Amino acid sequence: MFKHYLLVLVCSVSFLFCTQFDQPVPTDYEVSSAVKWTMNSAEYAIITEYLYRSATRTISTLEPPNEPWVVAMDVDETLLNNVEYNRRRDLLGLGYSSESWAEWVKEESATAVPGSIAFVTEVLKNGGQIVLITNRNRDLDQFTWNNLTALGFPIDRSNTCIMGRSQADRDSVGESEMINDKDLRRTQISTGTATYCWENYPETQIHWNKSFSIIYEVGDNIKDFNQTTQENVDRLNFIDRVSSDVLLLPNAVYGSWE
Ligand SMILES: [Mg+2]
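Residues numbered from 1 in each chain as written. Predicted model: local features only at pLDDT ≥ 70, side-chain atom pairs only at ≥ 80, totals over all residues.

Novice: For this particular structure, what's the right way to read the overall build of the chain?
Specialist: A tally of regular secondary structure across the chain gives 13 helices and seven strands. Here the chain, with 258 residues, has 33% of them falling under the buried criterion. (Helix = DSSP H or I, 4+ residues; strand = E, 2+ residues; numbered from the N terminus. Buried ≥ 20, exposed ≤ 12 C-beta atoms within 10 Å, placed from the backbone.)

Novice: I would appreciate a short explanation of the pairing of strand S6 (residues 213-219) in the present structure.
Specialist: In regular strands, side chains alternate between the two faces of the sheet. Pairing analysis gives five bridges linking strand S1 (residues 69-73) to S6, with the strands arranged parallel. Within the sheet, the bridge partner assigned to Trp 69 lies in S6 and is Ser 213. Across three bridges, S6 lies against strand S7 (residues 246-248) in parallel orientation. For Glu 217, the partnering residue across the bridge sits in S7 and is Val 246. (Pairing = 2+ DSSP bridges.)

Novice: Teacher, can you tell me more about unusual backbone geometry here?
Specialist: Trans is the prevailing form of peptide bonds, just as negative phi is the prevailing case for residues other than glycine. A positive phi angle is found at Glu 77, which is not glycine, with a value near 65°. Backbone geometry at Glu 108 places phi at a positive 55°, although glycine is not the residue there. By the secondary structure assignment, Glu 108 is in the loop between helix H6 (98-107) and strand S3 (111-112).

Novice: I tried to follow the sheet that holds strand S5 (residues 160-165) on my own but got confused; where do I start?
Specialist: Hydrogen bonds along the backbone pair up the strands of a sheet, which may run parallel or antiparallel. If you walk across this open sheet you meet the five strands as S5-S4-S1-S6-S7, and the pairing is parallel. Two strands close off the open sheet at either side, each with one partner strand: S5 and S7. The mean angle between the axes of side-by-side strands here comes to 20°, regardless of whether they run parallel or antiparallel. Seen against the sheet, helix H8 (residues 141-151) touches strand S4 (129-137) and S5 and runs at an angle of roughly 135° to S5. (Axes fitted to C-alpha atoms, helices over the stretch in contact; angles between N-to-C directions. Contact = placed C-beta atoms within 7 Å.)

Novice: What should I look at first to understand the environment of Ser 166 in this one?
Specialist: Mapped onto the elements of the fold, Ser 166 is located in the loop between S5 and helix H9 (167-172). Accessibility expressed as a C-beta count within 10 Å gives 16 for Ser 166, which makes it partly exposed. For the pair Ser 166 and Arg 138, spaced 28 residues apart in the sequence, the C-alpha separation amounts to 5.7 Å.

Novice: Which parts of the structure should I look at to understand the pairing of S1?
Specialist: Counting buried positions over the five residues of S1 gives four, a clear majority of the element. Pairing of S1 with S4 involves four bridges; the strand directions are parallel. Paired with Val 70 across the strands is Gln 129, a residue of S4.

Novice: Explanation requested: the nonpolar core in the structure shown.
Specialist: A general trend in soluble globular proteins is that nonpolar side chains are found buried together. Counting residues in each nonpolar core, the largest one holds 38 residues, and the members touching the most others are Val 71, Ile 130, Val 131, Leu 132 and Cys 161. Sequence-distant contacts of Val 71, defined by excluding residues within four places in its chain, comprise Val 123, Gly 128, Ile 130, Ile 215, Tyr 216 and Val 218. (Core = buried A, V, L, I, M, F, W, Y, C linked by C-beta atoms within 7 Å.)

Novice: I would appreciate a short explanation of helix H7 (residues 116-125) in the present structure.
Specialist: Structural remark: α-helix, 3.6 residues per turn; residues separated by three or four positions point the same way. Along H7, the residues classified as buried are Ser 116, Phe 119, Val 120 and Val 123. Viewed along the axis of H7, the buried residues span an arc of 95°, placing them on a single side of the element. Tucked into the core, H7 has its buried residues touching helix H4 (42-61), S1, S3 and S4. Just past H7, the residue Gly 127 takes up positive phi, approximately 90°. (Arc of directions from axis to C-beta.)

Novice: Quick question: what am I supposed to make of the packing of H4 against H7 here?
Specialist: A pair of packed helices can be characterised by two numbers: the angle between their axes and the separation between those axes. Interaxial distance between H4 and H7 falls to 9 Å at its minimum, and their mutual angle equals 5°. Considering their axes alone, H4 and H7 lie roughly parallel with respect to each other. Contacts from Tyr 52, Ala 55, Thr 56, Ile 59 and Ser 60 of H4 reach H7 at Ser 116, Ala 118, Phe 119, Glu 122 and Val 123. Of the residues assigned to the contact of H4 with H7, the class counts are six nonpolar, three polar and one charged. (Parallel < 35°, antiparallel > 145°, perpendicular 65-115°, else oblique. Nonpolar A, V, L, I, M, F, W, Y, C, P; charged D, E, K, R; others polar.)

Structure below.
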């Protein structure tokens, strides 16, 4: 009541001053629709779970090759859901930055993409190995690994190799057969030269110092797939591969399409 009387008094003294009470008060920034969809919708959870269940069935019924084989997987928005990071940035009115991203990764609080743990479990159960080809910086690999194991992904250093992005990966683009910045790592795995997989874990060398057949690729970005980009992808051909050797997950928040 006192505030009301005070407002009337102030307004009666100066109309100009009174109008300042009607100015919109600055509010927090909005969270984007893409972030809301990923965070809250039944659709996102259903689509990702459905896609992973289909892929898990494919893995469970495939005839494994005679040679060592791996499934190559991206991490962000493929195994780990980072939408909380994007929500925080949206509320600040800010986008991605490498500094804030590194802080987020070090929190190790990303959640699992629905269906992804069951898929990884099936690959390992069927005798495959997993290579995690992520564009998180290589010096963040341990944080990523901690986040994954805490969520219950049944990975260890002998069945899974995590390969963050190095300067060599950035520099490789444009060289022969290197169309995108994950191609170098895929080549290292398929030729048995991914020394990074065992240089810090020498006891695992026996598991990684061999040539692998990459039989399946999983990602949310078209560049998660061998020698593929937004510009060169043959969409019809890619669709034909979906039920056999690739799994593409939805990511409406960010990607190489931006
Ligand atoms: Mg990704």
